[in-house]
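Chains, contacts and geometry: an overview
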Amino acid sequence: NLSDRLERSFKILKGEGKITEINVAETLKDVRKALLDADVNYKVAKQFTDTVKAKALGMDVLTAVKPSQLMVKIVHDELALLMGGDSVDVNITGSPAVILMSGLQGSGKTTFSGKLAQLLKGKRGKKPLLVACDVYRPAAIEQLKVLGEQIGIPVYSEPDCKNPVQIAQNAIKQARQDGQDLVIVDTAGRLAVDEEMMREIKAIKDAINPNEILFVVDSMTGQDAVNTAKEFNDRLDFTGVVLTKLDGDTRGGAALSIRTVVNKPIKFVGTGEKMDALDVFHPARMADRILGMGDIVSLVERAQEQYDEEEAKRLQKKIAKNQFDFNDFISQIQQIKKMGNLKDLASMIPGVGKAIKDIDIDDNAFKSVEAIIYSMTPKERSNPELLNGSRRQRIAKGSGTSIQEVNRLIKQFDQTRKMMKMVAGGKMGKMMPRMKR
Ligand code: GDP
Ligand code: MG
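An unreviewed UniProt entry lists the chain under the name Signal recognition particle protein, from Coprobacter fastidiosus NSB1 = JCM 33896. Recorded in UniProt for the chain, the comment headed Function (unreviewed entry) runs: "Involved in targeting and insertion of nascent membrane proteins into the cytoplasmic membrane. Binds to the hydrophobic signal sequence of the ribosome-nascent chain (RNC) as it emerges from the ribosomes. The SRP-RNC complex is then targeted to the cytoplasmic membrane where it interacts with the SRP receptor FtsY." If you open the UniProt record of the chain and go to Subcellular location (unreviewed entry), you find "Cytoplasm".

Here we come to the overall build of the chain. Helix and strand content of the chain: 20 helices and eight strands. Counting across all 437 residues of the chain, residues that qualify as buried make up 40%. Of all intrachain contacts in the chain linking residues separated by at least 6 positions in sequence, the fraction that spans at least 24 positions is 78%.

Quick look at the site of ligand 1 now. Close to ligand 1 lie 17 residues, the nearest being Gly108, Lys109, Thr110, Thr111 and Gly270. In terms of residues, the shell around ligand 1 owes the most to one element, helix α5 (residues 109-124), which gives three residues. Of the residues belonging to the shell around ligand 1, the class tally is one nonpolar, 12 polar and four charged.

In the segment running from Ser95 into Pro96, the intervening peptide bond is cis, with an omega of -5°. With respect to the helices, strands and loops of the structure, Pro96 is situated in the loop between α4 (67-82) and β1 (97-102). In this structure, Asn209 is a non-glycine residue whose phi angle is positive, near 45°. Residue position: Asn209 is located in the loop between α8 (195-208) and β5 (212-218).

The next thing to look at is the sheet that holds β5. The eight strands are arranged β3-β2-β4-β1-β5-β6-β7-β8 in an open sheet whose pairing can be described as mixed. Looking along the sheet, the strands with just one partner apiece sit at the ends: β3 (155-156) and β8 (278-280). Where β1 meets β5, four bridges bridge the pair, whose relative direction is parallel. Across the sheet, residue Leu100 finds its bridge partner in β5, namely Ile213. Its contacts with the sheet put helix α6 (residues 138-151) on β2 (128-132), β3 and β4 (182-186), and the angle it makes with β2 is roughly 160°.

Formed by 79 residues in total, the largest nonpolar core has its most connected members in Val131, Val183 and Val185. Examining the composition of this core, we find that six residues originate from one element, α4, more than from any other. Split by domain, this core shows at least three residues from each of two domains, domain 1 (1-87) and domain 2 (97-281). For Val131, the contacting residues outside a window of four places in its chain are Tyr156, Ile167, Ala168, Ala171, Val183, Ile184, Val185 and Asp186. One finds Phe326, Ile395, Val406 and Leu409 within the second-largest nonpolar core, a separate group that totals eight residues.

Take the packing of helix α9 (residues 223-236) against helix α10 (residues 253-262) next. Packing of α9 against α10 brings their axes to within 9 Å, and their N-to-C directions diverge by 35°. Here α9 runs over α10; the crossing is right-handed. Between α9 and α10, the residues in contact are Ala225, Val226, Ala229, Lys230 and Asn233 and Ala254, Ser257, Ile258, Val261 and Val262, respectively. Tallied by class, the residues present in the contact of α9 with α10 amount to seven nonpolar, two polar and one charged.

Note on placement: Ser219 falls in the loop between β5 and α9. It is 8.0 Å that separates the C-alpha atoms of Ser219 and Gly253, two residues lying 34 residues apart in sequence. Excluding residues within four positions of it along the chain, Ser219 makes contact with Ala225, Leu243, Thr244, Lys245, Leu246, Thr250, Gly252 and Ala254.

So, about the environment of Gln118. Along the chain, the position of Gln118 falls in helix α5. Residues Gln118 and Pro128, spaced 10 residues apart in sequence, show a C-alpha to C-alpha distance of 8.3 Å. Look past the residues within four positions of Gln118 in its chain and what remains in contact with it is Ile151, Ile153 and Met275.

Moving on to the pairing of β5. Most of β5 sits inside the fold, with six of its seven residues counted as buried. What joins β5 to strand β6 (residues 240-244) is α9, and the crossover it makes is right-handed.

Parameters and conventions
Residues numbered from 1 in each chain as written. Chains lettered and ligands numbered in written order. Predicted model: local features only at pLDDT ≥ 70, side-chain atom pairs only at ≥ 80, totals over all residues. UniProt positions renumbered as here; feature names shortened; annotations may be inferred. Helix = DSSP H or I, 4+ residues; strand = E, 2+ residues; numbered from the N terminus. Buried ≥ 20, exposed ≤ 12 C-beta atoms within 10 Å, placed from the backbone. Contact = placed C-beta atoms within 7 Å. Near = placed C-beta within 6 Å. Nonpolar A, V, L, I, M, F, W, Y, C, P; charged D, E, K, R; others polar. Pairing = 2+ DSSP bridges. Axes fitted to C-alpha atoms, helices over the stretch in contact; angles between N-to-C directions. Core = buried A, V, L, I, M, F, W, Y, C linked by C-beta atoms within 7 Å. Domains from an automatic or database assignment. Left-handed = near helix turned anticlockwise from the far one by under 90°. Right-handed = clockwise from strand over helix to strand, strands pointing away.

Laid out in structure tokens, this is it:
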């Protein structure tokens, strides 16, 4: 199982591959930048990276991955944890259960009211009643009615009443009479936080005592979203957050900021204008999105699965003594192949995915390399120095390649070996992924 696997993976490698002050600092710089790019509030970003630093320092790094990659995983998991770890369900107990919407004008309250009604009707067998409490704009009542008709859900409104508290109370009475077991109260927002709006929604809350008060916020408003969330929460003590308009190019940093600042769970995300464009909030997925770092987390996980510590140690020694040979080379290739489809693997590396989208890499890429190495005698494989002109000629023939290809491979091998020795000997060692035999 997973926890066993991780435990095995994190076994201490004495003095090697520890996360040091230096590589932490580097990675955290990237992380902070990614967070700020994703519109995370800078104080939140700083606080977050401090936490991660404290957690990561001195942690043992699996040698098959770079410390920086492991850092990303730590960061990812920490992000997901900070955003709540698991999804939090909406509270719909009670008859009727009452859900109150709050948020600024244009944040998506009316749209979300419709979406939620449809979702809970379909998935949970609820009988919802939508309530139009926006008494300032006749168009707002009309908007909810149109939505209700579209999804087949009744809408309660009182066009002549200017008192939203009374409308909400009457609606609940009506729901009880009609056997509707869920009341969703849509309210009026303003363009900015204002006293009258706050007083009104607080009054509705006090009058109807809702199961849920959801704060609906446009994720594209970025930094502002945090301040708005704080003001609404101070007044309403809401029970959950709905992030709308995540279908745009916003990276959703608001999710992290809001969660950190008000400490209330994000329950849903809106991903479009249509009635079915609604998702339950998943912290891990949002962490992926905020980091925008490709699928590096799965890359690390996969590398951890394939990793063999003893082998890595052995190989490290060989490299240091300049004994890395063609046997090691070919098992490296096999190792890479074992890790899965090459293109899949490469596409998980941030920035690479897009670049190779249209390029044809397949697992045959290593075919001629393998053929050449297999055409060497065991002696030649472990003593590459033996490979003189006539031997190379023989190998080319045996492998069905050309002398040029053989020369190229041997040259590449020499370069790799030199580089590895440099890396293994120098300070860089800690930053490089050590490969397995
Ligand atoms: P309200 O003033 O808070 O009730 O906001 P509305 O529900 O009227 O939504 C304001 C605008 O945002 C409308 O044009 C909606 O279609 C749009 N909208 C709401 N939610 C989403 C969403 O998740 N994605 C996108 N792209 N548009 C949305
Ligand atoms: Mg509205």
